[in-house]
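Read off the chains here:
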Amino acid sequence: MNLVYPFLLYLHIFSVILSVGPFFILLPLLKKLKVAGPGHEEAYLDTFRAAVRLAKHAGHVLVVTGVLLVWITKRSWTTSWLLTTIVILICSLYFLARAFSPTIRRFKDPEEQRAELTSKLKRTIWIYLTLMLSMLWFMVAKPQLWT
């Protein structure tokens, strides 16, 4: 366990960074996306798609390393902060799968209002970041919500 635990913890933390970090970079891109022409718009949308894809794959690593860390440390699955984190994780996975791709696809429709879609993407980013950062808080603070 001397080498396995720190390695798994490192992978776990690194996967959180990969799951959250790109979405902070997307926020400034929203302003450019709002005024982008057809040629540039696709490049910005590709960046959004890449960030979502990275978050999904990093999420796989996050879940696997999290399960292994719970198993190695022999923590109880009924611990309040762990159960709360799992519930938020399930919500964030559902949200990630449903929120970004449909909105990004709507940019292909010339009838759609770009300002409205950009605003929706901004709201979606902030909801996802709130979910991920609250999960991060539970993992770091480990509050005892019930006994």
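The structure under discussion appears in the preceding block.
Reading the values: the criteria
- Residues numbered from 1 in each chain as written.
- Predicted model: local features only at pLDDT ≥ 70, side-chain atom pairs only at ≥ 80, totals over all residues.
- Heavy atoms only, no water.
- Axes fitted to C-alpha atoms, helices over the stretch in contact; angles between N-to-C directions.
- Helix = DSSP H or I, 4+ residues; strand = E, 2+ residues; numbered from the N terminus.
- Parallel < 35°, antiparallel > 145°, perpendicular 65-115°, else oblique.
- Left-handed = near helix turned anticlockwise from the far one by under 90°.
- Nonpolar A, V, L, I, M, F, W, Y, C, P; charged D, E, K, R; others polar.
- Buried < 20%, exposed > 50% of the residue type's maximum accessible area, 1.4 Å probe, protein only.
- Contact = heavy atoms within 4.5 Å.
- Patch = residues over 30% accessible without salt bridge, like charges linked within 9 Å, V, L, I, M, F, W, Y side chains within 5 Å.
- Areas by Shrake-Rupley, 256 points an atom, 1.4 Å probe, with all protein chains shown as cover.
- Salt bridge = Lys/Arg side-chain N within 4 Å of Asp/Glu carboxyl O.
- Lys, Arg positive; Asp, Glu negative; His and termini not counted.
- Charge placed at Lys NZ, Arg CZ, Asp CG, Glu CD.
- Core = buried A, V, L, I, M, F, W, Y, C linked by side-chain atoms within 4.5 Å.

Caption draft 1: The arrangement of the packing of helix 3 (residues 80–106) against helix 4 (residues 114–141) in detail. Where helix 3 contacts helix 4, the two axes come as close as 9 Å, and the packing angle between them is 165°. Compared by their axis directions, helix 3 and helix 4 come out roughly antiparallel. Of the two possible hands of crossing, helix 3 and helix 4 adopt the one that is left-handed. Within the contact of helix 3 with helix 4, the residues separate by chemical class into 19 nonpolar, 6 polar and 4 charged.

Caption draft 2: Structural context of the environment of Tyr10. Along the chain, Tyr10 turns up in helix 1 (residues 4–35). Distance in space between the C-alpha atoms of Tyr10 and Val67 is 14 Å, their sequence separation being 57 residues.

Caption draft 3: Looking closely at the side chain of Thr118. Among the secondary structure elements, Thr118 is positioned in helix 4. Judged by relative accessible area, which is 2%, Thr118 ranks as buried. For Thr118, the residues in contact, after removing those within four places along its chain, are Leu30, Leu33, Lys34 and Phe107.

Caption draft 4: Representation of a positive patch on the surface in the model. A contiguous patch of positive charge, built from Arg53, Lys56, Arg105 and Lys108, is present on the exposed surface. Assignment of secondary structure puts Lys56 in helix 2 (residues 38–73). Looking at Lys56, the relative accessible area reads 35%, which means it is partly exposed.

Caption draft 5: Region of the structure containing the packing of helix 1 against helix 2. In contact at an axis separation of 8 Å, helix 1 and helix 2 are set at 160° when each is read in the N-to-C sense. With respect to each other, helix 1 and helix 2 are oriented roughly antiparallel. Helix 1 and helix 2 meet at a crossing whose hand is left-handed. Grouping the amino acids of the contact of helix 1 with helix 2 by side-chain chemistry returns 26 nonpolar, 8 polar and 2 charged.

Caption draft 6: How the structure looks around the nonpolar core. Counting residues in hydrophobic clusters, the biggest one holds 36 residues, and the most contacted among them are Phe23, Phe48, Phe100, Leu121, Ile125 and Tyr128. For this core, the secondary-structure elements that each account for two or more residues are helix 1, helix 2, helix 3 and helix 4. Residues within four places of Phe48 in sequence aside, it is in contact with Leu26, Leu29, Leu30, Leu33, Ile104, Leu121 and Ile125.

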